[in-house]
Amino acid sequence: MAAKKTTAAKKAPAAKKAPAAKKAAGRKPNAAFMKEMTPSAALAEIVGSKPIPRTQVVSKIWEYIKKNNLQDAKNKRQINADDKLKPIFGGKKSVTMFEMTALVNKNLT
């Protein structure tokens, strides 16, 4: 009888995982991230001056970083600023990718 209980216990967790996967697939985007924002003059040099959603701003900055090879070679989380990015990064020569998003948000209205 003990063997039957173990098999039933093993099957139960697998059944619980399936609904969680469906829930994640049906997830709706957050309206705050999709709201169009106007970039500052410094940020507009990279992403353009038209109002765009915050998600697109971050995507365009990453395109710029990769195009200009601004990721640190040893630590890929570190972004090295060039002349266009320094004003956005608050004058810092280098920031982490996590700091970058906070600094970019300060340049959006």
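This one's a predicted model, so the numbers in the text were calculated from it and none came from an experiment.

A.B. asks: Is there a simple way to explain the overall build of the chain in this structure?
C.D. replies: Across its full length, the chain holds five helices and four strands. Within the chain, the proportion of its 109 residues that are buried is 26%. Looking at the chain alone, contacts between residues at least 24 apart form 26% of all its contacts between residues at least 6 apart. As displayed, the chain offers around 8000 Å² of accessible surface, 58% of which is attributable to carbon and sulfur atoms.

A.B. asks: Just checking my understanding: could you explain the side chain of Gln71 for this structure?
C.D. replies: Mapping Gln71 onto the fold places it in the loop between α4 (54–67) and β3 (78–80). Only 2.7 Å separates the side chain of Gln71 from the backbone oxygen of Lys76, close enough to count as a polar contact. Leaving out residues up to four positions away in the same chain, Gln71 has contacts with Trp62, Ile65, Lys66, Lys76, Gln78, Ile79 and Asn80.

A.B. asks: Just to check I follow, could you spell out unusual backbone geometry for this structure?
C.D. replies: Generally, phi is negative for residues other than glycine and the peptide bonds are trans, each holding for most cases. Within the chain, Asn69 stands out as a residue other than glycine whose phi angle is a positive 55°. Within the fold, Asn69 resides in the loop between α4 and β3.

A.B. asks: I would appreciate a short explanation of the packing of α4 against helix α5 (residues 97–105) in the present structure.
C.D. replies: Helix-helix packing is described using two parameters, namely the angle between the two axes and the distance between the axes. Where α4 contacts α5, the axes come no closer than 11 Å and their chain directions differ by 125°. Overall, the two elements α4 and α5 adopt an arrangement that is oblique. The interaxial crossing formed by α4 with α5 has right-handed handedness. For the pair α4 and α5, the contacting residues are Arg54, Val57, Ile61, Trp62 and Ile65 in the first and Met97, Met100, Val104 and Asn105 in the second. Grouping the constituent residues of the contact of α4 with α5 by class yields seven nonpolar, one polar and one charged.

A.B. asks: Would you take a moment to explain α5 for this structure?
C.D. replies: Think of an α-helix as turning once every 3.6 residues; residues three or four places apart then point the same way. Taken as a whole, α5 has its buried residues at Met100, Leu103 and Val104. Angularly, the buried residues of α5 cover 100° about the axis, an arc narrow enough to put them on a single face. Against the buried residues of α5 lie α3 (41–47), α4, β3 and β4 (94–96).

A.B. asks: Teacher, can you tell me more about the nonpolar core here?
C.D. replies: Taken as a class, soluble globular proteins show a tendency for nonpolar side chains to be buried jointly. Ranked by internal contacts, the top residues of the largest apolar core, which has 22 residues, are Ile61, Leu85, Phe89 and Met100. Counting residues per element, the ones that place at least two in this core are α3, α4 and α5. Per-element accounting of this core gives the leading share, five residues, to α4. Apart from the residues within four sequence positions on either side, Phe89 is in contact with Ile79, Ala81, Val95, Met100 and Leu103.

A.B. asks: I keep staring at the side chain of Asn107 and nothing clicks. Help me out?
C.D. replies: Here Asn107 lies in the segment after α5. What makes Asn107 buried here is its relative accessible area of 14%. If we ignore the near neighbours within four places in the chain, the residues touching Asn107 are Thr38, Pro39, Ser40, Leu43 and Ile88.

Criteria and thresholds
- Residues numbered from 1 in each chain as written.
- Predicted model: local features only at pLDDT ≥ 70, side-chain atom pairs only at ≥ 80, totals over all residues.
- Heavy atoms only, no water.
- Helix = DSSP H or I, 4+ residues; strand = E, 2+ residues; numbered from the N terminus.
- Buried < 20%, exposed > 50% of the residue type's maximum accessible area, 1.4 Å probe, protein only.
- Contact = heavy atoms within 4.5 Å.
- Areas by Shrake-Rupley, 256 points an atom, 1.4 Å probe, with all protein chains shown as cover.
- Polar contact = N/O pair within 3.5 Å; in protein donor to acceptor, adjacent residues only side chain to side chain.
- Axes fitted to C-alpha atoms, helices over the stretch in contact; angles between N-to-C directions.
- Parallel < 35°, antiparallel > 145°, perpendicular 65-115°, else oblique.
- Left-handed = near helix turned anticlockwise from the far one by under 90°.
- Nonpolar A, V, L, I, M, F, W, Y, C, P; charged D, E, K, R; others polar.
- Arc of directions from axis to C-beta.
- Core = buried A, V, L, I, M, F, W, Y, C linked by side-chain atoms within 4.5 Å.

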